[in-house]
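A structural walkthrough
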Amino acid sequence: MADTAQMQVSDEVAITIQNMNKWYGTFHVLRNIDLTVNRGERIVVCGPSGSGKSTLIRCINALEEHQQGSIEVDGTLLSSDLKNIDKIRSEVGMCFQHFNLFPHLSILDNLTLAPIWVRKTPKKEAEEVAMHYLEKVKIPDQANKFPGQLSGGQQQRVAIARSLCMKPRIMLFDEPTSALDPEMIKEVLDTMIELAEEGMTMICVTHEMGFARQVANRVIFMDAGQIVEQNEPEEFFNNPKSERTQLFLSQILGH
Amino acid sequence: MTILTDPPKESFRLSMLLNDTRYRSLTFQVIAAIALAFSILYLANNLARNLADQGLSISFAFLGAPAGYDINQRLIEYTSQSTNLRAAFVGILNTLLVAFLACVTATIFGVLAGVLRLSKNWLVAKIMAFYVEIFRNIPVLIWIIIIFTIMTAVLPGPRAFRGDDATASMFLGVSAFTNRGIYIPGPYFTRGFGAAELGAVWDWVLVLGLLVASFFGARAVNARATRIQEATGIRPATLTTNLAIWFGPLIVVALALGLTFEIPELKGFNFKGGIKVGGPLIAIWFALSIYTGAFIAENVRAGILAVSKGQTEAAAALGIRPGRIMSLVILPQALRVIIPPLISNYLNITKNSSLAILVGYADVTATLGGITLNQTGRAIECVLLLMLFYLVISLLISGIINIYNNSVKLKER
Amino acid sequence: MSDTHSQSVAFVRTEDVPPAPPPANATGPVKWIKDNLFATPANSVLTVIALLVIYMVLSGTLPWVFNGIWDSPSLAVCREMLNGESGACFAVLTERWNQLLFGFKYPSDLYWRPALAFALLFVAAAPVLFFDLPRKILIFTGLYPFIAYYLIWGGSIFTPLLALAGFVAGGYVYQRFVKGSFAVGFFGAIAAAVLVWTIGGFIIPSSEITEGAMQSVQSRDLGGFMLNMMLGVTCVSLSLPIGIALALGRQSSMPIIKYICVVFIEFIRGVPLITLLFVASVMLSYFFPPEATVDLFLRVVIMITIFSAAYIAEVVRGGLAALPKGQYEAADSLGLDYTQAMRLIILPQALKISIPGIVNVSVGLFKDTTLVSVISMFDMVGMIRGPILASTEWNGVYWELFAFAALLFFIVCYGISQYSQWLERRLATDHK
C-alpha cells in the first residue's frame, strides 16, 4: 500500500483554532489551544486519558462549547449563532467510540436520515448515495438490517458511511476503534485509510500508532489540556522531543 | 504566533433572538412566561366575572363558623357545635389514621404474598399469583364497596346476639362482629396511674417508653455480639437474650399494673364496652390493604428477583449458610430495589384513602370536601384546602423517597 | 468407563456413550408432586393449608354459581325459586343488562349505536396494538374518533365532518411545511385548523336532531360500562401527547419552562384523583367564561386527562433518561435540530422503552374511571349503587352485580397487561 503520509497537502486552510480555552466548572480542560489544519491533512491526536483530546475535537463541531478563543471551520466562525453551528455540523462528519447508530432505524434509514431532513435531499437520491457509501465500506448487503444485528466493526463502518452521506469536507474520529474487539479493528482502520487516500481532511483521536505512522502527516501529543508536541510521524515516533511524550510513547509501545 | 482573543463583537440584530444560542432560550422562556401569565389572567378574570355574576366572593371565614353536623369516628373532641376547621382536623386525623393502619397491613400482606409467590411450593405460588392478578386488575373502589357490603349486609346486627335463640355468637366469647362495627376487648390497667378505665394515657406512655428502651437494649446486645465476633471470630447466640429484653419488662409491668381486658357486652340494642372499630373504617382499611398489598407483593418479588442468582451462588461458594446469605447478601440489595416503590405505594394508600367518602368514613375528603362543602357552598375554598392537604403529605413522602435514594446512592460510591 | 485404560494417560474416544433415560425416580408426575408440593415437612403443611383454602372457597362459591337463576323479574321471585338453597340471582344481570352497559337514560332503541362504536374500537385499535397488520388500517384509526363521536352523540353529521376537515387541513399544512421548520408546520397546522373550524362554524347549521336513527343524545344521558370505556379511551389517548410534551418540558434546559412543567406534574401527582373530580364537578365551571356552558362529561374528561398526562409524563421522562447520551450527540453531529432530533431519534426510542409504564398508567386510569360515581355520574359502579340497588325489584342483590362489575374490569385490565407483557417480549427480541 502506498504510504499515504507522503501525500500532498494543499495550502488552503480548513480549520483554524486560536487561543481556545475551555473549563468544566472550575476545571481547566483545554488551555490555549492553537491549531491550524490545512485541507487534505491527516492529523492523529494522542495522549493519556483525561488529556482533553476528545474534548478538543468535540469543540470543533460544537458538541461542547468553548469559553474563550475562536474556532473557524471552512471560513465559518463558530459562534453562538445557530446558523453557523448548523453549517459547520453539516460540513464536519464525526464518528464516535460507541458508534451511536440509531438502533430503531434500519442501516439504510440511518444513512438517509440526515440527508433527507438536513440537506433536504429527495428520498430516492439519498438512498442511492447511501448505497454508494455502503458499498464503499463493503457492507451493501446489510442495508436492511438493524444496527443490533451487526458486529461492532460493521457498526463502526456504517457510522463512517453515515457521516459520509452528508458529504462532509472534514471528518473527526473520536477513538473509533477503542470499543472494538481486536479482530475488528483492522476492517475499520482500512476504511479510514481508504478515506485518507481520497484526500479527506481528518482529525483522529486514536491510540493506533501503526495507523498514525502509515496515514498521518502530523501527530499531536496532548497532556493536561495542552498541545505538548506536534511533528511529522517519523520524527515524532523516532525522536520525541518532550519528556512527557517520551514517557507516553514508552508506555504504549513498551509491550 | 498570532494573538487573537474573542471574535469581534457583532451588533445586535433582531434575528439573533431566534438564531443565537445566547438569546434563543431566553426568547422561548419569555414567550412561555407570557403565555402562562396570560392564561392565569384569563382564568382569574373568568373566575372574577363568574363570582360577581353570582354575588359570591372568596372567603375562608366559614372555617370559623360552627359545622353543625356530627362525626361518629373521631380521634379528638368534636361536637356539632365545633367549627368547620375542627371538623377538617377530625377528618385529617381520620385520614392519617386509616392511611397508617392500611400501610402497616398492606406491607404485611404484600411481603407475605411476594415471598410466597417465589415459594418452591407450586400450589402456594400459584395461589399468590392469583391473588396478585385478581386484586391488581379490579378497581379499588369495587373492593371498598364489596368489603363494606360484607360489613353491613352480611354480618348480623347486635339483635341477633340476644336471647336464647341467638343466631349469632361472639367470637371466642370476647369479640363481636356486627353490622355496626367490630367490638374487641379493650385492655386497661387496674392498678395503673390514672383511673382504672380505657383510655388512661399515662400507663400507655409507660409501655411505649418500655418498648423504646427494649429497642435500644436489643441494639446494644447485638452491637456487643458484633464486637465479640470481630475480636474473637465467634458470634455469641443473641436470640434468647433478645427475647428476654423485648418481653421480660413488658410481662413484669403488665402483671404489676394489673392488665385486664374490658369485654364488650350486649346492653340494650347495642354492644357496650371494649373497643369499637366502625364498619366504614374496616372497609376502607381492609380494602386498601389487600389492594395495595397486591402491588407491594409485585415490588417485593421484583426486588428479590433483581438480586441476581450469581450473588446467591457467589455467597454459597464462599461457604456462607443459606440463612446468612439471605440476611447478609440478598436482603440488603433487594431492599434498595423494594423501598422506593414501597414508599410510593404508601403515598397511593394515602391518596386512595380519599375514597372513604364512598362508605361514609369521615376522612378529610368527607368532612371538608363533602359535608362542609355542601353545607357552606364554599366549593373553591374547600377544594383548594383539600388539595393543599394532600399536596403537603405527598411532598413530605416524596422528600423521604429522595433522602433514601440519595443515601443509597452515596453508599454505592 | 470400560473403554478407557485406567493405567494410561492418553485417551481417544472411539465410540460415543449412548444417551440413557434418567432413573425412574427422577422424572414423572410422582417426582413432580414430591418436588413441588411435598419437598419438606413445612412445605407439606403449606400444601395442605392451601388445599383447604381452595376447598373452602370453591365449596362456598361453586354451588352458588351453578344454582344461579338467570330468569326472574325480581329478587323476591328469585328467592322463591331458590327455595332456601344457596344460589345466585344472575337474573339481575339479564334483566338490567342494558342499564349496566349503557346507563339508564340512553334511548333504548339507539343501543346499536354505542355497540357499533365499541365494535369498531377494536378495528381502530388493532393496527396500533399489532404492528404486523397492514398500515392502511391506520387511516381508519384516524377517522375513528369522528365516527365514534357521531355514533354515540348522534345529531348532525356536519359537526364531526367539520372537526375532521379542520384536522385534515391542519395535517396537510403540517406535512407541507414540517421539512422546512417544525415550528412553521406546527403553528401553521393549528392556524389552518382553527380557520376551517371558524369558517365552518358559520356555514354549518348546529340544530339538534330530535328523532330518527341519528337523533342527538345528551352527554348527561351517557352511563354504564360505556361511560367507563369512553372516559378510559378518550383520556388515555388525549393524555399521551400532553404527557410527552410535559416530559420534554421537564427535561428542558430552559429553567422557566422546566419549572412550569415540574410544578404542574408534581401538583397533579400530589393530589388524589377524587379532588380533581371535585374540581370538575363544582369548581371548574367558574374558570370558563360565564357565557360558555361546558357539560360535566367534558369537564371530567379535561380533569382526568390532566391527571393521567402528569403520570404519563413521568413514565416518558424515565424513558428519555434511559437513552444513552450518544444518541443525542450523534443527532447533533449530523446537524439535526432539536425538533428533528426529538421526533426522529429520541422519542421513538424513549417511547418504546416507556410502553410498559404507559400501559400501567392506562390500566390504572381505566380502573380509576369508576371514581366518577362519587360525583354522581352513572358509570357502571354508579348504576349498580344507584338505580339498580335502589329499585324495589333488586334491592339486596349485591354479589351478583359486584362480581359482574369486577369480572368485566378484570377481563379488560388483565387483557391489557397481558398484551403489554407480550409486546415487551416482542420488542426485546426485535432488531436483535
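Residues numbered from 1 in each chain as written. Chains lettered and ligands numbered in written order. Predicted model: local features only at pLDDT ≥ 70, side-chain atom pairs only at ≥ 80, totals over all residues. Heavy atoms only, no water.

Some words on the state of the cysteines
- Taken as a whole and judged by the stated rule, the model has 1 disulfide over all chains.
- Across the disulfide, Cys-78 of chain C is cross-linked to Cys-89 of chain C (sulfur-sulfur distance 1.8 Å). When the S-S torsion is -115°, as for the bridge of Cys-78 of chain C with Cys-89 of chain C, the disulfide is left-handed. Taken as a pair, Cys-78 of chain C in helix H3 (residues 75–82) and Cys-89 of chain C in the loop between H3 and helix H4 (91–95) lie far apart in primary sequence, 11 residues in all. The pair Cys-78 of chain C / Cys-89 of chain C is uniform in exposure class, with both members buried.
- This cysteine, Cys-204 of chain A, is not joined by any disulfide, and Cys-95 of chain A carries the nearest cysteine sulfur, 9.2 Å off. (Disulfide = S-S within 2.5 Å. Helix = DSSP H or I, 4+ residues; strand = E, 2+ residues; numbered from the N terminus. Buried < 20%, exposed > 50% of the residue type's maximum accessible area, 1.4 Å probe, protein only.)

A word on helix H11 (residues 255–270) of chain C
- With 16 residues, H11 of chain C should reach 22 Å at 1.5 Å per residue; the first-to-last C-alpha distance of 22 Å fits that figure.
- Restricting attention to buried positions, one finds in H11 of chain C the residues Cys-261, Val-262, Ile-265, Ile-268 and Gly-270 of chain C. (Expected span 1.5 Å × (residues − 1).)

Brief notes about the interface of chain C and chain A
- The interface is formed by 22 residues belonging to chain C together with 25 residues belonging to chain A.
- Across the interface of chain C and chain A, roughly 2100 Å² is buried in total on both sides, 64% from carbon and sulfur atoms.
- At the boundary of chain C and chain A, one finds 2 salt bridges.
- The partner of Glu-329 of chain C in a salt bridge is Arg-58 of chain A, with the nearest N and O atoms 2.5 Å apart.
- Put simply, chain C and chain A have 6 residue pairs in polar contact (both at pLDDT 80 or more) between them.
- It is helix H14 (residues 325–333) of chain C that contributes the most residues to the side of chain C that touches chain A, 8 residues altogether. (Contact = heavy atoms within 4.5 Å. Buried area = accessible area lost by both parts, 1.4 Å probe. Salt bridge = Lys/Arg side-chain N within 4 Å of Asp/Glu carboxyl O. Polar contact = N/O pair within 3.5 Å; in protein donor to acceptor, adjacent residues only side chain to side chain.)

Quick notes on a nonpolar patch on the surface
Residue and element names in this part refer to chain B.
- Nonpolar side chains collect at one region of the surface, where Leu-208, Leu-211, Val-212, Phe-215, Phe-216, Leu-239, Leu-243, Trp-246, Phe-247, Ile-251 and Leu-255 lie side by side and expose about 1100 Å² of accessible area between them.
- For the nonpolar patch, the secondary structure elements donating two or more residues are helix H6 (201–232) and helix H7 (239–257).
- By the element assignment, Trp-246 lies in helix H7. (Patch = residues over 30% accessible without salt bridge, like charges linked within 9 Å, V, L, I, M, F, W, Y side chains within 5 Å. Areas by Shrake-Rupley, 256 points an atom, 1.4 Å probe, with all protein chains shown as cover.)

Focus on the packing of aromatic side chains
Residue and element names in this part refer to chain C.
- This model, assessed by the stated rule, comprises 30 aromatic pairs over all chains.
- Ring centres 5.1 Å apart and planes at 80° place the aromatic pair Phe-104 and Phe-378 in the edge-to-face group. Separated by 274 residues along the polypeptide, Phe-104 in the loop between helix H5 (97–102) and helix H6 (112–129) and Phe-378 in the loop between helix H15 (338–368) and helix H16 (380–390) bring together distant segments of the chain.
- Judged by its relative accessible area of 37%, Phe-104 is partly exposed. (Phe/Tyr/Trp six-rings, centres within 6.5 Å; stacked < 30°, edge-to-face > 60°.)

Focus: the interface of chain B and chain C
- At the junction of the two partners, chain B supplies 55 residues and chain C supplies 53 residues.
- Taken together, both faces of the contact between chain B and chain C bury some 4800 Å²; the carbon and sulfur share is 76%.
- When the buried surface of chain B facing chain C is broken down by residue, Gln-29, Asn-137 and Met-387 of chain B rank first, second and third, together holding 13% of it.
- If you look at where chain B meets chain C, you find 1 salt bridge.
- Mapped by element, the contributors of at least two residues to the side of chain B that touches chain C are helix H2 (21–53), helix H4 (122–136), helix H5 (140–154), helix H8 (279–306), helix H11 (364–376) and helix H12 (379–412) of chain B.
- It is H2 of chain B that provides the largest number of residues to the side of chain B that touches chain C, a total of 14 residues.
- Of the residues that constitute the side of chain B that touches chain C, the class distribution is 37 nonpolar, 12 polar and 6 charged. (Nonpolar A, V, L, I, M, F, W, Y, C, P; charged D, E, K, R; others polar.)

Let's talk about the pairing of strand S9 (residues 218–223) of chain A
Residues and elements named next belong to chain A.
- Of all 6 residues making up S9, 6 are buried, and the element is well covered by its neighbours.
- Burial along S9 is two-sided: the residues Arg-218, Ile-220 and Met-222 and Val-219, Phe-221 and Asp-223 are all buried.
- Two elements, strand S3 (residues 42–46) and S9, share 4 bridges in a ladder whose sense is parallel. Bridging across to S9, Val-44 finds its partner in Val-219.
- Where S9 lies against strand S10 (residues 226–231), 5 bridges are found, and the strand directions are antiparallel. Of the residues in S10, the one forming a bridge with Met-222 is Ile-227. (Pairing = 2+ DSSP bridges.)

Things to note about the pattern of salt bridges
- Per the counting criterion, the structure on display carries 28 salt bridges over all chains.
- Of the charged contacts in the structure, one is a salt bridge between Glu-175 of chain A and Lys-53 of chain A, with a shortest N-O distance of 3.9 Å. In this pair, Glu-175 of chain A sits in the loop between strand S7 (170–174) and helix H6 (182–197) while Lys-53 of chain A sits in helix H1 (residues 53–60), placing the two residues 122 residues apart along the sequence.
- Using a relative accessible area of 14% as the deciding quantity, one classes Glu-175 of chain A as buried.
- Given the relative accessible area of 4%, Lys-53 of chain A is considered buried.
- Between Glu-235 of chain A and Lys-241 of chain A there is a salt bridge; the shortest N-O distance is 3.5 Å.
- With a relative accessible area of 33%, Glu-235 of chain A lands in the partly exposed category.
- Relative accessible area serves as the criterion here: at 53%, Lys-241 of chain A is assigned to the exposed category.
- Through salt bridges with shared partners, a single network forms among Lys-22, Arg-58 and Glu-64 of chain A together with Lys-325 and Glu-329 of chain C.

Details of the sheet that holds strand S1 (residues 176–178) of chain B
Residue and element names in this part refer to chain B.
- Ordered by their spatial adjacency, 3 strands build an open sheet running S1-S2-S7, and the pairing between neighbours is antiparallel. One side of each edge strand has no neighbouring strand; the edge strands of this open sheet are S1 and strand S7 (275–278). In this sheet, adjacent strand axes meet at a mean angle of 15° when their direction is disregarded.
- Sheet strands in contact with H8 are strand S2 (181–184) and S7, and its direction is about 60° off that of S7. (Axes fitted to C-alpha atoms, helices over the stretch in contact; angles between N-to-C directions.)

Quick look at the confidence of the model for chain C
- Looking at chain C, the pLDDT average stands at 86 and 96% of residues meet or exceed 70.
- Prediction confidence for the complex, expressed as pTM and ipTM, is 0.86 and 0.86 respectively. (pLDDT = per-residue confidence, 0-100.)

A short note on the sheet that holds strand S6 (residues 92–95) of chain A
Residues and elements named next belong to chain A.
- An order of S6-S7-S8-S3-S9-S10 is seen for the 6 strands of this open sheet, with the pairing classed as mixed. Two strands in the sheet have a free side with no partner beyond their single neighbour: S6 and S10. Neighbour to neighbour, the strand axes of the sheet diverge by 20° on average, direction disregarded.
- Set on the sheet, helix H2 (residues 82–91) makes contact with S6 and S7; between it and S6 the angle comes to about 65°.
- Against the sheet, helix H9 (residues 243–253) contacts S3, S9 and S10, and its axis sits at roughly 100° relative to S9.

Looking at the side chain of Asn-217 of chain A
- On the secondary structure map, Asn-217 of chain A appears in the loop between helix H7 (209–215) and S9.
- Among the polar contacts made by the side chain of Asn-217 of chain A, one reaches the side chain of Glu-41 of chain A at a distance of 3.0 Å.

Observations regarding the domain arrangement of chain C
- Under the domain assignment used here, chain C contains domain 1 (1–66) and domain 2 (96–426).
- Domain 1 of chain C and domain 2 of chain C are separated by 50 Å when their C-alpha centres are compared. (Domains from an automatic or database assignment.)

With respect to the environment of Ile-60 of chain A
- Summarising the element assignment, Ile-60 of chain A is placed in helix H1.
- The exposure class of Ile-60 of chain A is buried, given its relative accessible area of 1%.

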